[in-house]
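Spelled out from the first residue to the last, the chains are:
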Amino acid sequence: MTEDVNQWQDPSEQLITDVLARIGGLQHRRVFFERLENPRWVAALSRRGIFATPPEARIDSEGREFWQPWPDGDYLVRMASKAPSDVTDALLAASHSVNRIVQGTIMRAAIELPPDHAVRLADSVAQYVASGALNYAPEIADLMAHFAEADMEEPTIALANAAFRPRPVGTDGSGLGRSRNVVTGLEPYFYGELMPRAIEILSSVQGPLALETVTSWLDAYLVASDQFVGPNGYDLTHIWRPSVAPHSQNHGYEDYGDVLVDTVRDLSTKQASEGRPLTEVLQTLGRTRQPLLTRIALHAIATRVGSDTAAREVAESRLLDVELLDIWFRHEYAELASAALPVLNEVTIARWQTLVLETLPSDEMLRDRATRRQEEGESFEEALDRVREYWQLQLLSGIRRESLPRRCLDHLAELEAKHGTLDHANFPSWSASWWGPSSPLSAEEIRGLSPDEVIDKLLTWEPESAEPWGPSKEGLARSFQAAVKETPGSFLDRVQRFVDMGPTYLSALLAGLRESVQEERVIDWHAVLWLGALVTSKDDDGNEVTREEDENSVWRYAQRSVASLLETGTAASGAYALQATEYGEAVEVLAPLVSHSDPTPEHEARYGGSNMDPLTLSLNTTRPAAMRSVLRIGSKARDQVGSRRDGSPLDHVIDRVLELAASRLEPTRDASLAEAAAFGEGFGRLVWMDRPWVEAQEPALLSPDTFGDVVFTVALSTYRPSKVLIEVMTPAAHRLLTRSAGGEEITLGWRNDRTAVELLGDHLVTLLMWDAMQREDELVANYFDQASPSTIARVLGHLGWLFGHSEDPPPADVTERAKDLWDWRAELVRTGHAELDELSEFFWWARSEQFEPEWWLPRLAQAVESPAFDSRGLIGERLESAASFSPAQVIFILERLLAGRDEPMTRYDLVEHAPVIIAAALDSGDSQAVEAAERVMDFLGRGGHLQIKELVDQQRDT
């Protein structure tokens with residue numbers, strides 16, 4: 001205890017009892033702890049367990065969750081410097097809490113505690129931060145600095161990784177337009193604001209190695225966002241980050257990614273300018289061979305080439321590296337060439353000119369491009385010459401002319417005379433903004449008019465010129481749409497005035513009404529249905545619109561808006577929704593569109609196929625959009641009817657919906673795959689409406705052809721696993737497995753990263769986990785008999801991925817059934833009745849943190865024997881965590897993974913965590929483990945990781 005504490009007396013047990021009896025309510029508790037200044041109460045109250053039970057969430061009458069205040073914790077923060085040991089014990093007792101207020105209080109107290117006490121709370125705070133619970137708390141940086149000032153490197157780095165290291169968190173949505181989500185411990189604003197201070201803190205404890213830390217964050221972001229260089233060798237970073245340096249083309253859409261690019265760029269150039277050898281900086285940037293990091297390296301070289309001899313030597317090798325002529329590196333390569341060519345020697349310049357003017361990139365790449373771009377009447381050699389010249393034009397145009405050697409400058413002039421000049425050639429693509437059609441009235445002017453004045457303007461205004469950027473009807477329609485959204489009732493009251501209005505403005509009216517419903521504004525659905533019937537009765541032959549102005553004369557867009565509005569109304573609830581009594585009329589409004597000509601076969605041939613998958617096309621064409629809305633109304637009617645089918649009006653709605661659906665299947669089935677996608681998306685709704693009807697229509701709906709494939713795969717892609725759904729689809733599932741096993745290609749209705757057989761497998765294994773199906777079921781047995789080992793691997797791997805991305809721990813029985821499933825397949829592999837490659841994606845299970853190491857380690861040891869096993873750089877951390885539990889098994893797994901695997905991302909992940917694993921094996925006392933550890937250390941040392949022994953020794957000393 002400090003001298004300050006000794007000035008206080010311990011409270012008597014009776015006093016504590018009396019106080020606790022009086023402070024039951026939150027207000028009394030707050031007043032007591034705000035006025036309590038005696039630090040000796042910390043230990044006294046801890047003995048009574050007061051701090052061990054902090055308040056958790058409060059749920060109000062509407063089901064909303066609120067975190068409750070913790071005045072006890074505020075007292076602990078004030079006492080942290082006076083009674084650090086007692087306060088730390090009290091906070092540890094409360095550290096299990098999921099109350100974000102409690103967690104934030106623990107972090108604030110840790111900042112006030114002496115570092116040697118605060119470090120006991122570091123793991124808990126890091127967990128809070130990593131979970132995102134403190135993502136609005138800039139004090140995270142204060143705690144990092146607190147540890148750094150005490151030269152405590154480990155907790156400093158742990159907090160930094162928790163706050164700043166990106167990680168994936170599933171996908172945004174489950175259908176079209178979904179994207180990989182990336183999170184960190186901080187929300188984007190604080191991430192950007194705190195990053196400079198974080199780098200300063202890391203540099204104070206790590207020195208130059210801070211660059212390795214932040215580079216690993218950028219690499220983690222690229223992996224998490226699915227923009228990394230994987231087996232397919234793709235790279236998307238030059239699209240969202242055209243320039244490593246600040247540039248107007250960098251639009252800042254990638255919050256975390258852009259901050260990390262700026263940070264890695266600035267720290268690498270700073271270290272190089274302050275004396276760190278450029279080769280060391282470049283070695284760090286080149287560890288994963290990510291194109292984005294390679295571009296940062298090129299930028300770093302360019303900034304030093306004028307003043308650093310070593311930079312000029314590196315610049316020479318990079319400019320002569322043929323791989324860097326790829327489009328991914330175009331901007332930074334041109335930047336480096338512009339800076340380096342004026343200072344390089346004549347021999348190097350001559351070699352570079354030969355490369356650019358004679359060698360060029362791979363002949364294979366140019367020949368492939370020539371094949372794709374060969375024009376009518378042009379020989380292949382002529383096309384190849386043209387492609388080669390254009391490639392030279394792009395490269396040379398991107399480099400500053402004053403930097404180009406004379407021979408290249410002359411050749412550029414010849415190319416420009418022949419092919420024209422190129423603007424922005426040093427960028428693979430260039431984007432310019434245009435905000436769409438302009439309106440003769442601004443949004444403010446529209447709001448200043450009465451509804452009748454707005455309608456008068458729509459009826460009378462005509463563009464003064466055909467200038468494409470000038471005011472247009474489409475621009476006025478957009479302003480009108482915004483007005484409708486804000487005051488829908490005033491326009492629906494005047495619905496009769498829209499009878500003679502053209503489709504452009506009616507589309508805007510309907511779109512504005514839809515937005516209004518989405519924002520929970522009440523609208524007159526009777527007027528909407530009257531207007532909808534007017535629009536859907538208009539003729540439209542579905543033929544292509546060849547000129548933009550012709551869009552004002554076709555009705556399909558407005559008709560699609562009717563379907564979209566009614567679909568939105570059906571999905572709404574309460575007073576904003578389309579009411580059940582109006583379902584029948586809504587179906588009749590849409591009925592004419594169910595047989596609409598759009599999409600025509602010509603339209604589908606042009607925009608479908610490889611351009612747009614059937615489900616996407618169905619969202620943008622009229623007949624499928626109408627079918628989608630009709631099926632939703634029928635399903636909602638079935639919700640209202642429940643189990644009763646007594647001939648009520650809603651029963652008639654269901655019957656009418658089924659009649660309309662049948663009209664597209666018999667006597668002649670609609671050949672459109674977009675229509676098939678609409679049936680696939682509505683398949684579960686049809687089963688809910690009338691299962692016997694669906695089973696009777698199964699030969700048409702799930703036929704063994706492209707139409708049936710689209711229905712089948714869209715249904716699997718858009719519905720959660722359901723025993724009923726699979727039961728209805730079982731005959732088609734058996735047929736699909738047989739066709740696929742026979743080498744027949746199955747058409748996907750929605751293109752994603754899953755094949756049709758994988759989609760089916762995802763449903764089956766999920767139902768196995770839920771105990772809704774058994775391994776003995778005929779379909780399950782047939783699936784594992786006919787699906788390929790790689791497909792089964794993907795399905796089992798996806799199941800492990802789902803475990804790892806579950807927000808809450810799965811129920812114990814589900815986890816046990818998952819284990820049984822894996823062990824079933826693993827035993828079949830062991831006995832030679834299944835292929836080893838089935839187990840090749842087990843790393844997702846090991847990574848998920850839902851299974852104990854005692855279970856997953858021996859199974860991982862079996863799985864890594866598969867030549868197809870690829871951990872994708874995602875398993876090193878889990879192996880490190882298990883090293884203390886089973887050092888021998890982990891070191892053998894690490895040795896197997898390193899052997900024969902040279903993928904940069906995978907190797908980096910394993911090497912990063914190798915020191916702890918090797919140290920644990922060396923200290924295990926197991927002679928075989930020690931030998932394996934020494935082999936791994938020797939292997940890494942020979943591979944260029946010269947510091948491995950030093951890093952291992954540091955771990956052993958620790």
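Residues numbered from 1 in each chain as written. Predicted model: local features only at pLDDT ≥ 70, side-chain atom pairs only at ≥ 80, totals over all residues. Heavy atoms only, no water.

A.B. asks: Explain the overall build of the protein to me, please; I cannot follow it from the model alone.
C.D. replies: Scanning the protein for helices and strands turns up 51 helices and 4 strands. What you see for the protein is a C-alpha radius of gyration of 33 Å, in line with the 30 Å of a compact globule of 958 residues. Reported as C-alpha extents along the three principal axes, the dimensions of the protein are approximately 90 × 85 × 75 Å. In the protein, which comprises 958 residues, the share counted as buried stands at 51%. Across the protein, every contact between residues at least 6 apart in sequence was considered, and the portion connecting residues at least 24 apart equals 72%. Total accessible area computed for the protein in this model is approximately 43,400 Å², and 49% of it derives from carbon and sulfur atoms. Here the protein carries 91 positive and 152 negative side-chain charges, and the mean point of each set is 1 Å from the other. (Helix = DSSP H or I, 4+ residues; strand = E, 2+ residues; numbered from the N terminus. Rg over C-alpha atoms; globule rule 2.2 N^0.38 Å. Buried < 20%, exposed > 50% of the residue type's maximum accessible area, 1.4 Å probe, protein only. Contact = heavy atoms within 4.5 Å. Areas by Shrake-Rupley, 256 points an atom, 1.4 Å probe, with all protein chains shown as cover. Lys, Arg positive; Asp, Glu negative; His and termini not counted. Charge placed at Lys NZ, Arg CZ, Asp CG, Glu CD.)

A.B. asks: I keep staring at the packing of helix H44 (residues 812-830) against helix H46 (residues 853-863) and nothing clicks. Help me out?
C.D. replies: The geometry of a pair of packed helices is captured by two quantities: the angle between their axes and the separation between those axes. Where H44 contacts H46, the axes come no closer than 12 Å and their chain directions differ by 35 degrees. At the point where H44 passes H46, the crossing takes the left-handed sense. Contacts from Lys819, Trp822, Asp823, Ala826, Val829 and Arg830 in H44 reach Trp855, Arg859 and Gln862 in H46. Across the contact of H44 with H46, the residue classes break down as 4 nonpolar, 1 polar and 4 charged. (Axes fitted to C-alpha atoms, helices over the stretch in contact; angles between N-to-C directions. Left-handed = near helix turned anticlockwise from the far one by under 90°. Nonpolar A, V, L, I, M, F, W, Y, C, P; charged D, E, K, R; others polar.)

A.B. asks: Please explain the packing of aromatic side chains as it appears in this structure.
C.D. replies: When we look at a pair of aromatic rings, we describe it by the centre distance and by the angle of the planes. All chains considered together, the criterion is met by 25 aromatic pairs. Stacked on the ring of Trp688, the Lys or Arg Arg638 has its end atom at 4.4 Å from the ring centre. One residue, Arg825, lies across the ring of Trp824, its end atom 4.6 Å from the ring centre. (Phe/Tyr/Trp six-rings, centres within 6.5 Å; stacked < 30°, edge-to-face > 60°. Lys NZ or Arg CZ within 6 Å of the ring centre and 35° of its normal.)

A.B. asks: Please explain the pattern of salt bridges as it appears in this structure.
C.D. replies: A side chain of one charge can pair with a side chain of the opposite charge when the charged atoms of the two come close. The full count for this structure, using the stated rule, is 60 salt bridges. The salt bridge involving Glu462 is made with Lys473; its shortest N-O contact spans 3.3 Å. Placement of the pair is Glu462 in the loop between helix H25 (451-460) and helix H26 (473-486) and Lys473 in helix H26, with a sequence separation of 11 residues. Given the relative accessible area of 47%, Glu462 is considered partly exposed. Several salt bridges converge on common partners, so that one network encompasses Arg241, Asp258, Asp262, Arg265 and Asp266. (Salt bridge = Lys/Arg side-chain N within 4 Å of Asp/Glu carboxyl O.)

A.B. asks: What exactly am I supposed to notice about unusual backbone geometry here?
C.D. replies: Trans peptide bonds make up most of the peptide bonds, and negative phi angles are found at most residues other than glycine. Residue Asp598 is joined to Pro599 through a cis peptide bond whose omega torsion reads 10 degrees. Position of Pro599 among the secondary structure elements: in the loop between helix H31 (583-590) and helix H32 (601-607). Looking along the chain, the bond that leaves Glu666 and enters Pro667 is cis, with omega of 0 degrees. Tracing the backbone through its elements, the reader meets Pro667 in the loop between helix H35 (649-663) and helix H36 (673-681). With a phi close to 65 degrees, Asp771 is a non-glycine residue in the positive phi region. With a phi close to 65 degrees, Glu849 is a non-glycine residue in the positive phi region. Structurally, Glu849 is set in the loop between helix H45 (843-847) and H46. The class of Glu849 is exposed, set by a relative accessible area of 58%.

A.B. asks: What am I meant to see in H25 here?
C.D. replies: Residue pairs spaced three or four apart in an α-helix point in one direction, given the helix's 3.6 residues per turn. Looking at H25, one finds that the buried residues are Pro451, Val454, Ile455 and Leu458. Mapping the buried residues of H25 onto a view down its axis gives an arc of 95 degrees, with all of them on the same face. For H25, the secondary structure elements touched by its buried residues are helix H24 (443-447), H26, helix H27 (488-492) and helix H28 (503-518). (Arc of directions from axis to C-beta.)

A.B. asks: I tried to follow helix H38 (residues 691-701) on my own but got confused; where do I start?
C.D. replies: The complete set of buried residues in H38 reads Trp693, Val694, Gln697, Glu698, Ala700 and Leu701. Looking straight down H38, one finds its buried side chains confined to an arc of 160 degrees; they lie on one side. Of the residues in H38, the exposed ones pointing more than 90 degrees away from the buried face are Pro692, Ala696 and Pro699. The distance from a side-chain oxygen at the start of H38 to the backbone nitrogen of Trp693 is 3.1 Å, and the residue carrying that oxygen is Asp690. (Polar contact = N/O pair within 3.5 Å; in protein donor to acceptor, adjacent residues only side chain to side chain.)

A.B. asks: How should the side chain of Asp613 be read in this particular structure?
C.D. replies: With respect to the element layout, Asp613 can be found in the loop between H32 and helix H33 (614-619). Despite being buried, Asp613 has no salt bridge partner; Arg751 is the closest side chain of opposite charge, sitting 4.5 Å away. Within the structure, Asp613 has its side chain in polar contact with the backbone nitrogen of Thr616 (distance 2.8 Å).

A.B. asks: Got a minute to help me understand the side chain of Ser507 in this structure?
C.D. replies: By the element assignment, Ser507 lies in helix H28. Judged by its relative accessible area of 13%, Ser507 falls in the buried class. For Ser507, the contacting residues outside a window of four places in its chain are Tyr557, Ala558 and Ser561.

A.B. asks: What's the story with the environment of Ser871 in this structure? I'm lost.
C.D. replies: Among the structural elements, Ser871 can be located in the loop between H46 and helix H47 (876-883). A relative accessible area of 2% places Ser871 in the buried class. As for Ser871 and Ser450, which are separated by 421 residues in sequence, their C-alpha atoms are 64 Å apart.

A.B. asks: Teacher, can you tell me more about the packing of helix H41 (residues 756-769) against helix H42 (residues 778-786) here?
C.D. replies: Taken N-terminus to C-terminus, the directions of H41 and H42 make an angle of 135 degrees; their axes are 11 Å apart at the nearest point. By the angle class used here, H41 and H42 are oblique. Read as a crossing pair, H41 and H42 show a hand that is left-handed. For the pair formed by H41 and H42, the contact residues are Val757, Glu758, Leu760, Gly761, Leu764, Val765 and Leu768 on the first element and Leu779, Val780, Tyr783 and Phe784 on the second. Residue classes in the contact of H41 with H42 are distributed as 9 nonpolar, 1 polar and 1 charged. (Parallel < 35°, antiparallel > 145°, perpendicular 65-115°, else oblique.)

A.B. asks: Just to check I follow, could you spell out the environment of Asn345 for this structure?
C.D. replies: Mapped onto the elements of the fold, Asn345 is located in the loop between helix H19 (330-340) and helix H20 (346-359). The exposure class of Asn345 is partly exposed, given its relative accessible area of 43%. A polar atom in the side chain of Asn345 sits 3.2 Å from the backbone nitrogen of Val347. Within the local environment of Asn345, its side chain forms a polar contact with the backbone nitrogen of Thr348, the two atoms lying 2.7 Å apart.

Function-wise, these values are silent; they only describe arrangement.
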